[in-house]
Amino acid sequence: MCDSNNTRREFLRFSVGAGFACWLPAGIQVESRAAAAEAPGKAANRTTVYIMTDLEGVAGVIDSENWCKPESRYYEQAKEFLTLEVNAAIEGLARGGATDFLVADGHGPGAINPKLLDHRAQFARNWAPVPYPFSLEKGMQFAAWIGQHAKSRTEMAHLAHTGSMGVFETTINGLAVGEFGEMVFCASQLGVRSIFGAGDLAFAKEAQALLRGIETVAVKRGTTPGRGDECDAETYAKRNLAAIHCQPDRACEMIRAGAERAIRRAKTDTGFGIVPLKPPFERVTILRKTADKPRRIGRSSHPEDVIALLNAPLNYETLTD
Ligand SMILES: [Zn+2]
């Protein structure tokens, strides 16, 4: 996310729109409400892949200021780069046997260009009344990530953050998670296997540390040392800009091949893609200091449902240490 004042969660909570009320199997004309309500992946020989997208982990997306905000001078270019990376993933997944694709446009202000999106895909945007799990549904077979960045506090990571540049760290039951980890928890609860992720190298390492066996592709490599723990929100937003990028067409080639490898391997090796969930759940989020607010801490808990945990409001209080 590029908005240092609002987390993705907060942004989406305030955004307006109905989103998708149901999943429509690609290429199937809906003739009745019953047909429209049919769960994904139930039809014979269909394999559905959910693709969560973000912008900061895309090859050629250089910084937030010039690339990731609606007012950025290269915003439309960045959206095109992301959408082409998504299309490359869809092509690879389709070659490996996937038939249906739901693309979640997860970047704060949105970053999918629907006109450029592969015609086999549907896309989801705006989630109400709560964001998680961002249109991911039980019955889909696999989840994948495109354009993903590492969590806040990661060394040698490009544009690392968790929800916003103002978040110092989020933990679930003591484990630090980024945007990827939060969605892996949701997917695991829904029985959807997380099999592929593309983004910067630090993200790829984060994904493999959380989910041994996940296929990853690194399209760029951050070169800023240090975790940035000393930074307030404004300063943190200006670090982690240094990176070495793949040329965007080359990045797409790598993603196409990696996505195909992922789904082919997932079909023969069913032993990866789900994290064990150990309820009850507790979430702790610490916010960085800002110009007008001190460091703050917020907690939520839930006896059994990690998705409800992520949707629960956090009542922040000042953190003194
Ligand atoms: Zn993000």
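Before reading further, recall that the structure is shown in the block above.
Residues numbered from 1 in each chain as written. Predicted model: local features only at pLDDT ≥ 70, side-chain atom pairs only at ≥ 80, totals over all residues.

Examining the overall build of the protein
The following threshold applies: Starting at the N terminus, helices and strands are each numbered in turn, a helix being any DSSP run of H or I of at least four residues and a strand any DSSP run of E of at least two. To sort residues by exposure, count the other C-beta atoms lying within 10 Å of each residue's C-beta; 20 or more gives buried, 12 or fewer gives exposed, and values between give partly exposed, all with C-beta atoms placed from the backbone. Two residues qualify as a contact pair if the distance between their C-beta atoms, derived from the backbone, is within 7 Å.
The secondary structure content of the protein amounts to nine helices and 12 strands. Put simply, the protein has 321 residues, and 50% of those count as buried. Looking at the protein alone, contacts between residues at least 24 apart form 69% of all its contacts between residues at least 6 apart.

Re the environment of H119
Residue placement: H119 occurs in the loop between strand 2 (100-105) and strand 3 (121-124). Given 8 C-beta atoms within a 10 Å radius, H119 is considered exposed.

Considering the environment of G92
Position of G92 relative to the elements: it lies in helix 4 (residues 75-95). Residue class for G92 comes out buried when judged on the 26 C-beta atoms lying within 10 Å of it. Put simply, G92 and A257 are 165 residues apart on the chain and 5.9 Å apart in space, counted from C-alpha to C-alpha.

Describing the packing of helix 5 (residues 179-190) against helix 6 (residues 201-210)
Put simply, the rule is: Angles shown run from 0 to 180 degrees and are taken between the N-to-C directions of axes, each axis being a line fitted to C-alpha atoms and, for helices, limited to the stretch in contact. Two helices crossing with the near one rotated counterclockwise from the far one by less than a right angle form a left-handed crossing, whereas a clockwise rotation gives a right-handed crossing.
Between helix 5 and helix 6, the least distance of the axes is 10 Å, while the angle of their chain directions is 35 degrees. Note on packing geometry: the crossing formed by helix 5 with helix 6 is right-handed. Contacts between helix 5 and helix 6 involve F180, G181 and V184 from the former and F203, E206, A207 and L210 from the latter.

With respect to the nonpolar core
Rule in force here: To define a nonpolar core, we join buried Ala, Val, Leu, Ile, Met, Phe, Trp, Tyr and Cys residues through C-beta atoms within 7 Å and take the resulting set.
Counting residues in hydrophobic clusters, the biggest one holds 77 residues, and the most contacted among them are Y50, I51, A78, A89 and A144. Tallying contributions element by element places helix 4 first for this core, with 10 residues. Excluding residues within four positions of it along the chain, Y50 makes contact with L102, A104, L136, M140, A143 and V192. M165, A233, Y236 and A237 belong to the second-largest nonpolar core, a separate cluster that totals five residues.

A few points about the sheet that holds strand 10 (residues 281-287)
Note the cut-off: A pair of strands is considered paired only if DSSP assigns at least 2 bridges between the two.
The strand order across the open sheet built from five strands is 6-5-10-11-12, with neighbouring strands paired in antiparallel fashion. Pairing within the sheet leaves two strands with one partner each, and these edge strands are strand 6 (175-176) and strand 12 (317-318). With five bridges connecting them, strand 5 (residues 167-172) and strand 10 associate as antiparallel partners. The partner of T171 across the bridge, within strand 10, is V284.

Quick word on the packing of helix 4 against helix 8 (residues 248-268)
Our working definition: By the definition adopted for this analysis, an angle is roughly parallel if under 35 degrees, roughly antiparallel if over 145, roughly perpendicular if from 65 to 115, and oblique otherwise.
The interhelical angle for the contact between helix 4 and helix 8, taken along N-to-C directions, is 30 degrees, at an axis separation of 7 Å. Comparing their axes, helix 8 and helix 4 come out roughly parallel. In terms of crossing hand, the pair formed by helix 4 and helix 8 is right-handed. Judged by residue contacts, F81, L84, E85, A88, A89, E91, G92, L93 and R95 of helix 4 engage P248, A251, C252, I255, R256, A257, G258, A259, E260 and I263 from helix 8.

Quick word on the sheet that holds strand 3
The strand order 3-2-1-4-7-8-9 describes an open sheet built from seven strands, whose pairing is mixed. Each end of this open sheet is capped by a strand with a single partner; those strands are strand 3 and strand 9 (243-245). Sheet twist, expressed as the average angle between the axes of neighbouring strands with direction ignored, equals 25 degrees. Pairing analysis gives five bridges linking strand 7 (residues 193-200) to strand 8 (residues 215-222), with the strands arranged parallel. Within the sheet, the bridge partner assigned to D200 lies in strand 8 and is K220. On the sheet, helix 6 packs against strand 4 (142-148), strand 7 and strand 8 and is oriented at approximately 160 degrees with respect to strand 7.

Things to note about helix 4
Put simply, the rule is: Given a helix with a known number of residues, its expected span is that number minus one, times 1.5 Å.
Taking 1.5 Å per residue, 21 residues should reach 30 Å; helix 4 reaches 30 Å between its end C-alpha atoms and fits that length. Most of helix 4 sits inside the fold, with 15 of its 21 residues counted as buried. Just past helix 4, the residue G97 takes up positive phi, approximately 115 degrees.

Digging into unusual backbone geometry
Note that the residue after Y132, namely P133, is joined by a cis bond; omega there is 10 degrees. Among the secondary structure elements, P133 is positioned in the loop between strand 3 and strand 4. Cis geometry is found at the peptide bond from P279 to P280, where omega equals 0 degrees. Mapped onto the elements, P280 comes out in the loop between helix 8 and strand 10. Unlike most non-glycine residues, S135 shows phi in positive territory, near 70 degrees.

Here's the deal with the environment of N126
You can see N126 is positioned in the loop between strand 3 and strand 4. Sequence separation between N126 and G106 is 20 residues, and the spatial gap between their C-alpha atoms is 9.0 Å.

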